[in-house]
Amino acid sequence: MSYYKVNDINLYYEVKGEPTAKGTIAFLNGVMASVSSWNFQVPIFEKMGYKIVLHDFKGQHLSDKPEGVYTLQEHAAEAKALFEHLGVERLHLIGTSYGGEVAMRMAIDYPEMVQSISVIDSVSELDEVLTLFIKSWKELAEKADPEAFFWGMAPSIYGHDFLKNNLALLTERAEIFKSYGPEYFKGQISLYDTFLQSVTMTDELAKIECPALIICGSEDILKPYKFSKIIADNIPNSEFLIIPDSGHVTIFEKYEALNSALLGFIIKNSLR
């Protein structure tokens, strides 16, 4: 297991691919996720010759979980420090949900490092419905009941058809959650508060200079189409794609269609 300490925080990370890779891609996690959440994406990019960097943000799974509310700016700065430690000067960022929001923050704050961003099911501002969803997750996390937490948040992130057709798979995932202790939920609470206090950045999106691919699942009720449209409309060099019949977790629900879009976009912008 590999850790890098930045600002007295131990960040867990993994690196895959050959040292002679044609470029570097960093995958940035959703709020409840970990580096293993990208298992449907990493192999195809590794096979295509890219170096892959994955890490857990502070507050997530295998990284430290300090007390208090963080900021997306802190996540971006810590990711930059990790990438520099690994000798990465320029890279493509692929982020889902919370990770997509950190990707946008990095593209705003550190444009010299970011070659492109792919932003999946993310937002740059809040509304009342999204705020209430996150507050309900926080209440579930405060109870620290892993199974109740999983089934309490599942209907807000998975699409109807995926839920109906994959109950056995989701039951297995609920079992995995039973291994998560109080520290996991403490970290989640910090991350939810960070999201609510730090995600608003629509007015800054015009600063993003790199190519951007904005993707949204058509059935995403947590962070629906309107939010992705706002992002795409405000980033000058952006492309906008809707993945049909997918809820919020497009990286699982429609990973083949997603991978095709991501791969084409990354290859195109690697050649520029």
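Above: the structure in question.
Small disclaimer: the values here were computed from a predicted structure and weren't measured.

(A) Region of the structure containing the overall build of the chain. Scanning the chain from terminus to terminus reveals 11 helices and eight strands. A globule of 272 residues ought to have a C-alpha radius of gyration of about 19 Å, and the chain, at 17 Å, matches this closely. In terms of overall dimensions, the chain has a C-alpha envelope of 45 × 40 × 35 Å along the principal axes. The proportion of buried residues among the 272 residues of the chain is 55%. Considering only contacts in the chain between residues 6 or more positions apart, those separated by 24 or more positions represent 77%. Surface accessibility of the chain: about 11400 Å² in total, with carbon and sulfur atoms responsible for 52%. The centroid of the 24 positive side-chain charges in the chain is displaced by 3 Å from the centroid of its 37 negative side-chain charges.

(B) Local environment of the sheet that holds strand β2 (residues 9-16). The eight strands lie next to each other as β1-β2-β4-β3-β5-β6-β7-β8, forming an open sheet whose pairing is mixed. What marks the edges here is a single partner per strand, and that holds for β1 (2-6) and β8 (238-243). Shown here is a sheet whose adjacent strand axes are inclined to one another by a mean of 25°, direction ignored. Pairing geometry for strand β3 (residues 24-28) and strand β4 (residues 51-55), over five bridges, is parallel. Looking at the pairing, Thr24 lines up with Lys51 of β4. Along the sheet, helix α2 (residues 72-85) contacts β1, β2, β3, β4 and β5 (91-96); its crossing angle with β1, the most-contacted strand, is approximately 120°.

(C) Region of the structure containing the packing of aromatic side chains. Following the criterion strictly, the structure yields 18 aromatic pairs and no others. Here Phe40 and Phe252 contribute two aromatic rings whose centre-to-centre distance is 6.3 Å and whose plane-to-plane angle is 85°, an arrangement assigned as edge-to-face. You can see Phe40 sitting in the loop between β3 and α1 (42-47) and its partner Phe252 sitting in helix α10 (residues 250-253), a full 212 residues away along the chain. Summarising the aromatic geometry, the rings of Phe45 and Tyr50 are spaced 6.3 Å apart at their centres and angled 70° between planes, so their arrangement reads as edge-to-face. Tyr50 carries the same exposure label as Phe45, and that label is buried.

(D) Fine view of the environment of Val102. Counting through the fold element by element, Val102 comes out in helix α3 (residues 98-109). We classify Val102 as buried; its relative accessible area is 0%. A C-alpha to C-alpha distance of 11 Å links Val102 and Met201, two positions 99 residues apart in sequence.

(E) Just the side chain of Asp127, in detail. Take Asp127: it is sitting in the loop between β6 (114-120) and α4 (128-143). For Asp127, the side chain forms a polar contact with the main-chain nitrogen of Leu130, separated by 2.9 Å.

Definitions and cut-offs
- Residues numbered from 1 in each chain as written.
- Predicted model: local features only at pLDDT ≥ 70, side-chain atom pairs only at ≥ 80, totals over all residues.
- Heavy atoms only, no water.
- Helix = DSSP H or I, 4+ residues; strand = E, 2+ residues; numbered from the N terminus.
- Rg over C-alpha atoms; globule rule 2.2 N^0.38 Å.
- Buried < 20%, exposed > 50% of the residue type's maximum accessible area, 1.4 Å probe, protein only.
- Contact = heavy atoms within 4.5 Å.
- Areas by Shrake-Rupley, 256 points an atom, 1.4 Å probe, with all protein chains shown as cover.
- Lys, Arg positive; Asp, Glu negative; His and termini not counted.
- Charge placed at Lys NZ, Arg CZ, Asp CG, Glu CD.
- Pairing = 2+ DSSP bridges.
- Axes fitted to C-alpha atoms, helices over the stretch in contact; angles between N-to-C directions.
- Phe/Tyr/Trp six-rings, centres within 6.5 Å; stacked < 30°, edge-to-face > 60°.
- Polar contact = N/O pair within 3.5 Å; in protein donor to acceptor, adjacent residues only side chain to side chain.

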